Amino acid sequence: MSTLEKPKRSLFGRMFGVTERAVVADADDGDVDPTGREALGQDGAGTEATSTGADDMAPADPPFVTVAAALDETSSQARLSWLQRLKAGLAKTSTVLSQGITDVFTKRKLDAGTLEDLEDLLIQADLGLETTAKITARLKADRFDKAIAPEEVRDVLISEIAKVLEPIAHPLLVKVAHRPHVILMVGVNGSGKTTTIGKLAERYRGSGYRVMLAAGDTFRAAAIDQLKIWGERTGSAVIARAVGSDAASLAFEAVTEAKTGAYDVLLIDTAGRLQNKDGLMQELEKIVRVIRKVDPDAPHNVVLTLDATTGQNALNQVDVFGKRAGVTGLIMTKLDGTARGGILVAIAARFGLPVHAIGVGEKADDLQPFDAKDFARAIAGE
């Protein structure tokens, strides 16, 4: 038996710390912190992991820390650092939009021609027809046939994007009353799903939760090994079986063991599935059914990891995975690798699914809770 020391509250703990018992009663009523910055926990490591369990003792629920109480000098610096990384990550998208707006509107008044040019620019950035129409309609109503500066257009862009995104910016709350809170991670190969699981595990362990990882991508030895490495790194228990094992059976075993061991969080990896392969999607549906044999309310979250570089294909992924696996929320990765980061806006406008977090790099702190206003400003190059 290993004794679990109470993790020291690091920077991320002060910014994102959460206890479900403090917020679960209000979670469904919309009374949780609207910024979503309590969601992911903080950085930190716990005890060493084993193949079946990291600890024999569960820590006390981590204390609830409000964002307002956490804005000391250090956390302010961390927020600034994240905003800088977010802007840098979205630089490819913001450069295209900002330069395009400057080119269209410098020394030109707002007329039918400039509006058409702006529409083309916004659609090419994958902002979607609905959001593009709202932006151009607002400009037309306020400034048609008048001179307008590029900065004024960017202000409208920021405002309209934020309006689309604010309703779907929701934290990925852990409800320890479930014990375990089961999070099923789904997505196509290459979306960053397994790495995202590791980053979430690091945050949750740093917040004092007992975490178990299930290597449900039984088709790839590399995915199993990768999850084991994350287990060792974060002090999380790992359930894994041989390559080719039945993924649904592994999920059943993981939920059973997580219940028996009183783990707070169970993160289940799954094989990357092309949304147009019916057989693979049927296997994913089977995993969901099997999990519910152990806990009828699980999985409590089905999180689809999206690769921003896939552009319009991400819309189809959300549609199909939502219908077949009951997706409850999204995490978007690799925003730093594309000039078409506006796809997140198009997805939000069409589906209205919660966006829990976004990633702009490989480091653990490059995955952060999603903030609509920050994203809108960054994508517009402000």
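Residues numbered from 1 in each chain as written. Predicted model: local features only at pLDDT ≥ 70, side-chain atom pairs only at ≥ 80, totals over all residues. Heavy atoms only, no water.

1. Here we look at the packing of helix α8 (residues 150-165) against helix α15 (residues 372-379)
For the pair α8 and α15, interaxial distance at closest approach is 8 Å and the crossing angle is 145°. When the axes of α8 and α15 are compared, the crossing they make is right-handed. Two secondary-structure elements touch here, α8 through Ile158, Ile161, Ala162 and Leu165 and α15 through Ala372, Phe375, Ala376, Arg377 and Ile379. A per-class count over the contact of α8 with α15 returns eight nonpolar, no polar and one charged. (Axes fitted to C-alpha atoms, helices over the stretch in contact; angles between N-to-C directions. Helix = DSSP H or I, 4+ residues; strand = E, 2+ residues; numbered from the N terminus. Left-handed = near helix turned anticlockwise from the far one by under 90°. Contact = heavy atoms within 4.5 Å. Nonpolar A, V, L, I, M, F, W, Y, C, P; charged D, E, K, R; others polar.)

2. Details of the confidence of the model for the protein chain
When the pLDDT values of the protein chain are averaged, the result is 80; 78% of them are 70 or greater. Overall, residues 1-74 carries pLDDT values under 50, and its contacts beyond four positions in sequence, including any with other chains, amount to 168 contacts. (pLDDT = per-residue confidence, 0-100.)

3. Focus: the pattern of salt bridges
In total, this model carries 18 salt bridges according to the counting rule given. A salt bridge links Asp117 to Arg108, with the shortest nitrogen-to-oxygen separation between them at 3.7 Å. Asp117 gets classed as partly exposed once you look at its relative accessible area, which sits at 32%. Between Asp145 and Lys109 there is a salt bridge; the shortest N-O distance is 2.9 Å. Residue Asp145 is found in the loop between α7 (129-143) and α8, and its partner Lys109 is found in the loop between α5 (91-105) and α6 (112-124); the two are separated by 36 residues along the sequence. It is possible to trace a salt-bridge network through shared partners that takes in Arg138, Glu160 and Lys163. (Salt bridge = Lys/Arg side-chain N within 4 Å of Asp/Glu carboxyl O. Buried < 20%, exposed > 50% of the residue type's maximum accessible area, 1.4 Å probe, protein only.)

4. Some words on helix α9 (residues 193-206)
If you check α9, its first and last C-alpha atoms are 20 Å apart, about what 14 residues at 1.5 Å a residue would give, namely 20 Å. Of all the 14 residues making up α9, 14 are buried; the element is thus mostly covered by neighbouring parts of the structure. Phi for Gly208, located one or two positions after α9, is positive at around 95°. (Expected span 1.5 Å × (residues − 1).)

5. A word on the sheet that holds strand β3 (residues 237-239)
Read from one edge of the open sheet, eight strands run β3-β2-β4-β1-β5-β6-β7-β8, paired in mixed fashion. Only two strands of the sheet have a single partner each, and these edge strands are β3 and β8 (367-369). The average undirected angle you get between the axes of adjacent strands in this sheet is 20°. As paired strands, strand β2 (residues 211-214) and β3 are joined by three bridges and run parallel to one another. Pairing of Ala214 across the sheet is with Ile239, part of β3. Relative to β2, helix α10 (residues 221-234) is tilted by about 170°, and along the sheet it contacts β2 and β3. (Pairing = 2+ DSSP bridges.)

6. Some remarks on the nonpolar core
The biggest cluster of nonpolar side chains holds 84 residues, and the ones touching the most others in it are Ile358, Phe370 and Phe375. The element contributing the most residues to this core is α8, with eight residues. When neighbours within four sequence positions are excluded, Ile358 is seen to be in contact with Trp82, Leu86, Met332, Leu335, Leu344, Asp366, Leu367, Gln368, Phe370 and Phe375. Of all hydrophobic cores here, the second largest spans 24 residues; its members include Leu213, Ala215, Ile224 and Ile331. (Core = buried A, V, L, I, M, F, W, Y, C linked by side-chain atoms within 4.5 Å.)

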